[in-house]
Amino acid sequence: MRTTTEYVWFNTTRKREFINITQQVADVLAKSQIQEGLALVSAMHITAGVYVNDAESGLIQDIEDWLQKLAPEGPDYRHHRTGEANGDAHLKNLLIGHQVIVPVTDGKLDLGPWQQIYYAEFDGRRKKRIIIKIMGE
Ligand code: ZN
């Protein structure tokens with residue numbers, strides 16, 4: 001089995017952002033020349049996530065509203081007793097999940113017709129990174 005590992009950095013201008021990273025993952029896969037295997041995409045932070053879903057702006061706004069409803073931004077988290085102010089972002093990470101695995105077939109990301117890979121930032125305006133690891137033959 002061969003592996004390729006790359007780190008991709010983000011520094012978002014807004015606190016919450018949803019960034020389509022499908023092409024970046026496909027570029028790492030192409031460079032790896034792996035034909036059959038898996039692509040692991042993982043946020044290396046506890047206040048960001050990675051998910052697979054539709055690239056549609058209405059849906060992205062729906063996802064953000066849903067996250068805000070379940071884990072609203074606010075001052076009333078126990079976590080803030082540590083002096084931090086991002087309790088909601090930790091919970092949003094748990095709701096979205098921190099990583100995905102995408103199948104690789106014939107040298108391509110084997111995604112369904114509407115599936116795209118997204119980096120979801122919940123506490124941005126600072127440097128954050130993801131790891132992309134391609135494994136296979
Ligand atoms: Zn925190």
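About the criteria used
- Residues numbered from 1 in each chain as written.
- Predicted model: local features only at pLDDT ≥ 70, side-chain atom pairs only at ≥ 80, totals over all residues.
- Heavy atoms only, no water.
- Helix = DSSP H or I, 4+ residues; strand = E, 2+ residues; numbered from the N terminus.
- Contact = heavy atoms within 4.5 Å.
- Salt bridge = Lys/Arg side-chain N within 4 Å of Asp/Glu carboxyl O.
- Buried < 20%, exposed > 50% of the residue type's maximum accessible area, 1.4 Å probe, protein only.
- Arc of directions from axis to C-beta.

Trainee: What am I meant to see in the environment of H80 here?
Mentor: Tracing the backbone shows H80 in the loop between α2 (57-70) and α3 (87-96). Taking the C-alpha atoms as reference points, H80 and G58, 22 residues apart in sequence, are found 32 Å from one another. In this view, H80 contacts G74, P75, A85, N86 and G87; residues no more than four positions away in its chain are not counted.

Trainee: For this particular structure, what's the right way to read the pattern of salt bridges?
Mentor: Summed over the entire model, instances satisfying the criterion amount to eight salt bridges. Between E17 and R14 there is a salt bridge whose closest N-O contact spans 4.0 Å. Residue K15 pairs with E73 through a salt bridge whose shortest N-O separation is 2.9 Å. A residue pair is termed long-range when its members are at least 10 positions apart, and K15 in the loop between β1 (2-11) and β2 (17-20) and E73 in the loop between α2 and α3 qualify at 58 residues. What makes K15 buried here is its relative accessible area of 18%.

Trainee: Looking at this structure, how should I read helix α1 (residues 22-32)?
Mentor: Since one α-helical turn is 3.6 residues long, residues separated by three or four positions face the same way. Every buried residue of α1 is accounted for by T22, V25, V28, L29 and S32. With its buried residues spanning 130° around the axis, α1 presents them on a single face. Projecting away from the buried face of α1 at angles above 90 degrees are the exposed residues Q23, A30 and K31. Count one or two residues on from α1 and you reach Q33, which has phi positive near 60°.

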